[in-house]
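Each chain, letter by letter, is given below.
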Amino acid sequence: MTADWEWDETLFAGSAAYYRRGRLPYAPGLVEALGGALGLDGCGRLVDVGCGPGTLALLLVESFGEVVGVDPDDGMIAEAERAAAARGVSGKARWVRARAEELPAGLGTFTVAAFAQSFHWMDRDLVARVVRGMLRPGGALVHVSDLKTEPPAVGGLPHPVVPDAAVGDLVRRYLGPVRRAGAGTLRHGTPGDEAAVLLRAGFSGPERHVVPGGRILDRSEDDVVAGVYSMSFSAPHLFGARRGAFEAELRLLLRAASPSGLFSARQPSTEVFVWRVGGRTG
């Protein structure tokens, strides 16, 4: 992925149980926006590459005849299976433990391939070429993420915001100044210029869609702690024997910021880039 980092299986080790609770949800209206952009009609097949606990795949499960989630982490696959069962959609959802670099893995062809904040962890040129070959004529690749350029909105909130800067300082005090990622570090961060990668692979586009967020969300102290542990750079295993001490300090920091134990956040907008193979889907 980068010259100074190599993927390993500990990247999100132990994070799966915290992911669904700790991460902020995508903006309301995402399903409708994707349905309109892609002409979804409840048929076709979706492959969600780097699916995590199935967050996006299960959000879109009614928009397809079948969704297939692919992720290399056992814990993420287990969480996705549990969530699908709880929603009663196990018959429409399939979960495959595999790295994106192992595709196509006999999974067949798809109408849509989705990457929800996962593409930067992969051998992007290889994966883009392979996924393009897995898409049917007129298919699409979609990249979904929080809108990173949106300024933080802190006014008019019923509770304090999470003291992110102080939490980041605490993580660095325990894990060091260079961002951790599995067994290694990301000295230069994750790669950018996704557009160049997808153009090289033969996709056309992109079409950009922004789904507005803005809802005020209440967050408990436990939600915030889960959010910290859901991140690759502060995954539970990274703290080793010091995890208890770290969490105790984290909770003290949070209680100092909000004695009630409640925090507020504005739901971020969701940014979607659609890349096409040939004509439009649908």
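A brief look at the structure comes next. (Residues numbered from 1 in each chain as written. Predicted model: local features only at pLDDT ≥ 70, side-chain atom pairs only at ≥ 80, totals over all residues. Heavy atoms only, no water.)

**With respect to helix H5 (residues 124-134)**
Structurally, the α-helix is built with 3.6 residues per turn, so residues lying three or four positions apart point the same way. What H5 keeps buried is the set Arg-124, Val-127, Ala-128, Val-131 and Met-134. Summarising the axial view, the buried residues of H5 lie within an arc of 120°, below the 170-degree limit, and thus occupy one face. H5 presents Arg-129 and Gly-133 as exposed residues on the side facing more than 90 degrees away from its buried surface. Packed against the buried residues of H5 are strand E4 (110-116), strand E5 (135-146) and helix H7 (194-200). (Buried < 20%, exposed > 50% of the residue type's maximum accessible area, 1.4 Å probe, protein only. Helix = DSSP H or I, 4+ residues; strand = E, 2+ residues; numbered from the N terminus. Arc of directions from axis to C-beta. Contact = heavy atoms within 4.5 Å.)

**Overview of the packing of aromatic side chains**
Counted by the stated rule, this structure contains seven aromatic pairs. Between Phe-239 and Phe-246, the ring centres sit 4.1 Å apart and the planes meet at 20°, which makes this aromatic pair stacked. Judged by relative accessible area, which is 0%, Phe-246 ranks as buried. Here the aromatic residues Tyr-18, Tyr-174, Tyr-229, Phe-239 and Phe-246 are joined through ring pairs into a cluster of three or more. The ring of Phe-110 carries Arg-45 above its face, with NZ or CZ at 4.2 Å from the centroid. Here the guanidinium or amino end of Arg-243 rests over the ring plane of Tyr-229, the centre of that ring lying 4.5 Å away. (Phe/Tyr/Trp six-rings, centres within 6.5 Å; stacked < 30°, edge-to-face > 60°. Lys NZ or Arg CZ within 6 Å of the ring centre and 35° of its normal.)

**Quick notes on the nonpolar core**
Leu-30, Leu-38, Leu-56, Trp-95, Val-142 and Val-144 are the most contacted members of the largest nonpolar core, which has 31 residues in total. Taken together, the elements giving at least two residues each to this core come down to helix H2 (30-38), helix H3 (55-59), helix H4 (74-87), strand E3 (93-97), E4, E5 and strand E11 (270-276). Here the element with the most residues in this core is H4; it accounts for four residues. Setting aside its immediate chain neighbours within four residues, Trp-95 contacts Cys-51, Gly-54, Ala-57, Leu-58, Gly-69, Ile-77, Ala-80, Glu-81 and Ala-84. Ranked by size, the runner-up nonpolar core spans 26 residues in total, among them Val-49, Ala-113, Ala-201 and Val-277. (Core = buried A, V, L, I, M, F, W, Y, C linked by side-chain atoms within 4.5 Å.)

**Regarding the packing of helix H8 (residues 221-229) against helix H9 (residues 243-257)**
When two helices pack together, their arrangement is captured by the angle between the axes and the distance separating the axes. Contact geometry for H8 and H9: axes closest at 11 Å, N-to-C directions at 135°. The orientation of H8 with respect to H9, classified from their angle, is oblique. Here H8 and H9 pass one another in a crossing that is right-handed. Residues Glu-221, Asp-222, Val-224, Val-225, Val-228 and Tyr-229 of H8 lie in contact with H9, whose contacting residues are Arg-243, Phe-246, Glu-247, Leu-250, Arg-251, Leu-254 and Arg-255. (Axes fitted to C-alpha atoms, helices over the stretch in contact; angles between N-to-C directions. Parallel < 35°, antiparallel > 145°, perpendicular 65-115°, else oblique. Left-handed = near helix turned anticlockwise from the far one by under 90°.)

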